[in-house]
Amino acid sequence: MRAVDIIEQKRDNKELSTEEISFLLSNYLKGNVPDYQMAAFLMAVYFNGMTDAELLEFTKEMRDSGDIINFEGLNKFLVDKHSTGGVGDKVTIALEPILSALGMGSTKLSGKGLGHTGGTIDKFEAIEGFKFSNTRDELIKIANNTGIGLMGYSDKIVPLDKKLYSLRDVTGTVSSIPLIASSIMSKKLAIYSDAIILDVKVGNGAFMKTLPDAKKLAETMLTIGKGLGRKIVAVISNMDQPLGCAVGNANEVIEAIETLKGNGPEDFTELVYNIAALALKLNGEVSTIDEGIRKVEEVIKNGSALEKFALFIKESGGNPEIINDYSILPVFKAELDVKSENEGYVSEIQAEEIGKAAMIIGAGRATKEDVIDHSVGVLVLKKVGDFVKKGETIAKICYNKETEVEKSKKMILGAYKFSNEKVEKPKIIFEILD
Ligand code: URA
């Protein structure tokens, strides 16, 4: 077998066999197939896509390129919720304790933030002393005690994805839907779960900018998940404005805790409750989402979800008192009110710009090497559909260093669009696909 023949076949839109995909990928990982050949192959995939059979084989080969994490002995229905990434996305922080209080467990790999999107690892690391499990044994111990199994990505899990992603990044092939789907799903499939819930974000702050693209990505991931034997559903959710109000790290932890106390922002609460209800439905405990939501409301009201959160923080090395005392979290030095220069109904808040406005004051990373300031961030106080008077505060910048604050303010003002006509509050969930 020769790599060049496989590339030509893909170029000519002929289906590749299991053996050909395996040959190409395994030899690329070993260094026997050079980057220039793999780059040509990726571009052929970019233009011609992959058949379902190719997609499954491609993803399987990726999944099996590194460690597979199993959970023998974890006697719970295990859910892996995955988000394609957005601004203010703190769903994992609130969702996992709710699932735990509902008698389910969660197992998942989390990542760090880059660019305008934040990462779950960074948000939890805002809590002093908090440490993510580094080993499978640590993960199992904490997951057994709390029902929450979160682990950071390591180089040992799907190493082929890391190598391929770096090449895609410099060859204009990142945005290929089959390549994105297999990249995400290979990492989901490398860690055991009974059900996968995909939160595919769509909008100006998301990877997928249009509903048809988001649905295509979701459907491709569903094909892979089902084809490789997992229960899987996808929620298509709105990222045309930041999720909730807080964008940063410590402030997002606080917003998630408030949500566990029943005081969360409307859009965020609705999304988290629906995903938890979906998990109950997948587990066969309820037959409708509404029935599931009522069960979620119970664990919020009786405080058990909040208790699970505190327990998880304690087991992970942090101070569980943060649920009562937010001053234990890192505190910023100053805040600036961003006042509207317009009057009218907020018609749009470009989430990506808000993410960048938070990033430049230190809440995120422009490059992988940047160090995050967990205390700083942006609070989005007026959301799409709200009426705003000229001079009214629409957002707050919570900061430590003066240097980028004016620029951040300009970016926030530029991100808001207004209309004289009444604007309806947008839906948070567009569709659920299974
Ligand atoms: N996230 C991933 O993990 N992979 C992609 O290709 C794109 C987004």
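Use the structure listed above.
Just so we're clear, the structure is a prediction, and the values are computed from it rather than from any experiment. (Residues numbered from 1 in each chain as written. Predicted model: local features only at pLDDT ≥ 70, side-chain atom pairs only at ≥ 80, totals over all residues. Heavy atoms only, no water.)

Q: Please explain the overall build of the protein chain as it appears in this structure.
A: A tally of regular secondary structure across the protein chain gives 16 helices and 13 strands. Taking 2.2 N^0.38 as the reference for a compact globule, 434 residues should give roughly 22 Å; the C-alpha atoms of the protein chain span a radius of gyration of 22 Å, in line with that estimate. For the protein chain, the C-alpha atoms occupy an extent of roughly 70 × 45 × 40 Å along the three principal directions. Relative to its 434 residues, the protein chain shows a buried fraction of 56%. With an accessible surface of roughly 17900 Å², the protein chain has 49% of that area assigned to carbon and sulfur atoms. One way to put it: in the protein chain the 54 positive side-chain charges average out to a point 1 Å from where the 64 negative ones average out. (Helix = DSSP H or I, 4+ residues; strand = E, 2+ residues; numbered from the N terminus. Rg over C-alpha atoms; globule rule 2.2 N^0.38 Å. Buried < 20%, exposed > 50% of the residue type's maximum accessible area, 1.4 Å probe, protein only. Areas by Shrake-Rupley, 256 points an atom, 1.4 Å probe, with all protein chains shown as cover. Lys, Arg positive; Asp, Glu negative; His and termini not counted. Charge placed at Lys NZ, Arg CZ, Asp CG, Glu CD.)

Q: Help me out: how do you make sense of the layout of surface pockets in this one?
A: The gaps left among the atoms become clear once a water-sized probe is rolled over them. Put simply, the largest pocket is a space of about 1700 Å³. Surrounding the largest pocket, 46 residues form its lining, G111, K112, L114, Y153 and K187 being those nearest its centre. Secondary structure elements with two or more residues in the lining of the largest pocket: β1 (78-83), α5 (91-101), β2 (105-110), α6 (120-124), α8 (159-169) and α9 (177-189). With 6 residues, α8 is the largest single contributor of residues to the lining of the largest pocket. Taken as a whole, the second largest pocket encloses approximately 300 Å³ of empty space. What lines the second largest pocket is a set of 17 residues, and nearest its centre among them are Q241, E266, D267, K383 and K425. Counting residues per element, the lining of the second largest pocket draws most heavily on helix α12 (residues 266-282), which supplies 3 residues. Across the lining of the second largest pocket, the residue classes break down as 7 nonpolar, 3 polar and 7 charged. (1 Å grid on protein atoms, 1.4 Å probe; cavity = no way out; pocket = protein on both sides within 12 Å on 5 of 7 lines; lining within 4 Å. Points joined across faces, edges and corners; volume = space filled by probe spheres on them. Nonpolar A, V, L, I, M, F, W, Y, C, P; charged D, E, K, R; others polar.)

Q: I keep staring at the site of the ligand and nothing clicks. Help me out?
A: Around the ligand, the structure places Y165, R168, I180, S183, I184, K187 and F207. Note that a nitrogen atom of the ligand is positioned 2.6 Å from one of the side-chain N or O atoms of S183. In this structure, K187 approaches the ligand through a side-chain N or O atom, which is 2.5 Å from an oxygen atom. Relative to its unbound accessible area of 230 Å², the ligand is 82% covered by the protein chains. With respect to the detected pockets, the ligand is housed in the largest pocket. Counting residues per element, the shell around the ligand draws most heavily on α9, at 4 residues. (Near = heavy atom within 4 Å. Polar contact = N/O pair within 3.5 Å; in protein donor to acceptor, adjacent residues only side chain to side chain. Sits in = over half its atoms within 2 Å of the grid points.)

Q: What should I look at first to understand the nonpolar core in this one?
A: Residues I98, F124, I197, F309, I354 and I412 are the most contacted members of the largest nonpolar core, which totals 87 residues. Ranked by the residues each element gives to this core, the list is headed by α12, at 11 residues. When near neighbours in sequence (up to four residues on either side) are disregarded, I354 contacts P242, V247, I349, V378, V380, I412, A415 and Y416. Ranked by size, the runner-up nonpolar core spans 57 residues in total, among them L78, L198, I232 and L433. (Core = buried A, V, L, I, M, F, W, Y, C linked by side-chain atoms within 4.5 Å. Contact = heavy atoms within 4.5 Å.)

Q: Would you mind going over unusual backbone geometry with me for this structure?
A: Across the chain, the bulk of peptide bonds are trans and the bulk of non-glycine residues have phi less than zero. If you check the backbone angles, N13 has positive phi at about 65 degrees while not being a glycine. Here N13 shows up in the loop between α1 (3-11) and α2 (18-30). In this structure, V158 is a non-glycine residue whose phi angle is positive, near 45 degrees. Mapping V158 onto the fold places it in the loop between β3 (148-152) and α8. Given a relative accessible area of 2%, V158 falls into the buried group.

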